[in-house]
Amino acid sequence: MLCHMTTNADPAHEKAKPTRRRAPAGAAVLREDVTDAIRAAVFEELASVGYARMSIEGIARRAGVGKTAVYRRWRSKLHLVLDLVSAIAVQGLPAPDTGSLQEDLLLLYRVTSRALRHPVAGQIIPDLQAEAARNPEIADAMQKALREGQHGVASGIVRAAVERGELRAGLDEELALDLISGPLYWRSVVVRTPELPKGHLKRLATATAAALKAL
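Everything numeric in this text was worked out from a predicted model, so none of it was measured. (Residues numbered from 1 in each chain as written. Predicted model: local features only at pLDDT ≥ 70, side-chain atom pairs only at ≥ 80, totals over all residues. Heavy atoms only, no water.)

1. Some remarks on the packing of aromatic side chains
To describe a pair of aromatic rings, you give the distance between the ring centres and the angle between the ring planes. In plain terms, the rule: Aromatic pairing here means that ring centres of Phe, Tyr or Trp (its six-membered ring) are within 6.5 Å. Orientation follows from the plane angle: under 30 degrees is stacked, over 60 is edge-to-face, and everything else is tilted. In this scheme, Lys NZ or Arg CZ marks a charge over a ring once it lies within 6 Å of the ring centre and within 35 degrees of the ring normal.
The tally for this structure, following the rule as stated, stands at zero aromatic pairs. Residue placement shows Lys77 over the ring face of Tyr51; its charged tip is 4.5 Å from the ring centre.

Structure representation (structure tokens):
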């Protein structure tokens, strides 16, 4: 019996055995399709009831999953919303590269206008802004989203125009970003004009380019 045990414990014999790795006990594999469903449900729930009335129960019901599936991914509805806002910031907007300041601005305004005028975005953005006034974490996330999204692309447009000689080097970049982003945001989000006048974006791009060249 002792000889038999010694033979099985031979180091060479043990080395020949295939090694199988096991997942840590209790580790959960998070399905990407479930995560996507939850994220989509959050946007729909925000648009439907707003952040204050939004609940994990409502999100789970809309996504067709249990509450546990949501809590495995996010600790609370605040962390869920912060994650979504941060994800939007990372995705950002496509950087225009037409070779012309005015055409870059026009392309940016067309893409941004479509995004801001989407029915869901039109309901969610004002609601999150209201929450940002009361919640510093949401305010920070919104600031980051704007800085890395719209402002990041606008900065690229300004820098490219400076390199082409269309704008002077050393201009006030923060003022330039205000000029680029402010007017369309005002019309689409603050005033919430139902329909922009025909040719408005083209005229806005022309006027903004002229204003930037005056800096």
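What follows continues from the structure just given.
2. So, the environment of Ser55
The line we're drawing: By definition, any uninterrupted DSSP run of H or I lasting at least four residues is a helix, any uninterrupted run of E lasting at least two residues is a strand, and each is numbered from the N terminus. For the exposure calls, accessible area comes from a 1.4 Å probe over protein chains only, and a residue counts as buried if that area is under 20% of its type's maximum, exposed if over 50%, partly exposed in between. Pairing of N or O atoms within 3.5 Å defines a polar contact, subject to two protein rules: one partner must be a possible hydrogen donor and the other a possible acceptor, and residues neighboring in sequence count only if both atoms are side-chain atoms.
Topologically, Ser55 is positioned in the loop between α3 (32–53) and α4 (56–63). Overall, Ser55 belongs to the partly exposed group, its relative accessible area being 23%. Each C-alpha atom, one on Ser55 and one on Val42, is 9.4 Å from the other, the two residues being 13 residues apart in sequence. From its side chain, Ser55 meets the backbone nitrogen of Gly58 in a polar contact 3.0 Å long.

3. Quick notes on helix α11 (residues 173–190)
Quick reminder of the rule: The span one expects for a helix is its residue count, reduced by one, times 1.5 Å. Note on bend: at a given residue it equals the angle between the axes fitted to the 7 residues ending there and to the 7 starting there.
Relative to the 26 Å expected for 18 residues at 1.5 Å per residue, α11 spans 24 Å between its end C-alpha atoms, a close match to the ideal helical length. Roughly 35° is the biggest bend found in α11, and it falls at Ser181, with proline Pro183 one to four residues downstream. Where α11 begins, one side-chain oxygen reaches toward the backbone nitrogen of Glu174, 3.2 Å away; that side chain belongs to Asp172. Arg192 lies just past α11 and shows a positive phi near 60°.

4. Quick look at the packing of helix α7 (residues 101–116) against helix α12 (residues 200–213)
This is how the line gets drawn: A fitted line through C-alpha atoms serves as each axis, taken over the contacting stretch for helices, and the angle formed by two N-to-C directions is quoted from 0 to 180°. These descriptions rest on fixed angle ranges, namely under 35 degrees for roughly parallel, over 145 for roughly antiparallel, 65 to 115 for roughly perpendicular, and the rest for oblique. By convention the crossing between two helices is left-handed if the near helix lies anticlockwise of the far one by an angle smaller than a right angle, and right-handed if it lies clockwise. We call two residues in contact when some of their heavy atoms are within 4.5 Å. Ten residues, namely Ala, Val, Leu, Ile, Met, Phe, Trp, Tyr, Cys and Pro, are considered nonpolar, four, namely Asp, Glu, Lys and Arg, are considered charged, and the remaining ones, Gly among them, are considered polar.
Relative to each other, α7 and α12 sit at 130°, their axes nearing to 8 Å. Considering their axes alone, α7 and α12 lie oblique with respect to each other. Where α7 crosses over α12, the two elements pack in a sense that is right-handed. Of the residues in α12, those touching α7 at Leu101, Gln102, Leu105, Leu106, Tyr109, Arg110 and Ser113 are Leu201, Lys202, Leu204, Ala205, Thr206, Thr208, Ala209, Leu212 and Lys213. Of the residues assigned to the contact of α7 with α12, the class counts are nine nonpolar, four polar and three charged.

5. Some remarks on the pattern of salt bridges
Rules: When a carboxyl oxygen of Asp or Glu lies within 4 Å of a side-chain nitrogen of Lys or Arg, that pair is called a salt bridge.
A full pass over the atoms with the stated rule returns seven salt bridges. When the shortest N-O distance is used, the salt bridge between Lys67 and Glu57 registers 3.5 Å. Taken together, the residues span a long stretch of sequence, with Lys67 in helix α5 (residues 67–73) and Glu57 in helix α4 at a distance of 10 residues. Here Asp104 and Arg164 are joined by a salt bridge, their closest N and O atoms 3.8 Å apart. You can see Asp104 sitting in helix α7 and its partner Arg164 sitting in helix α10 (residues 150–164), a full 60 residues away along the chain. Shared partners join several salt bridges into a network, and the residues in it are Glu44, Glu45 and Arg62.

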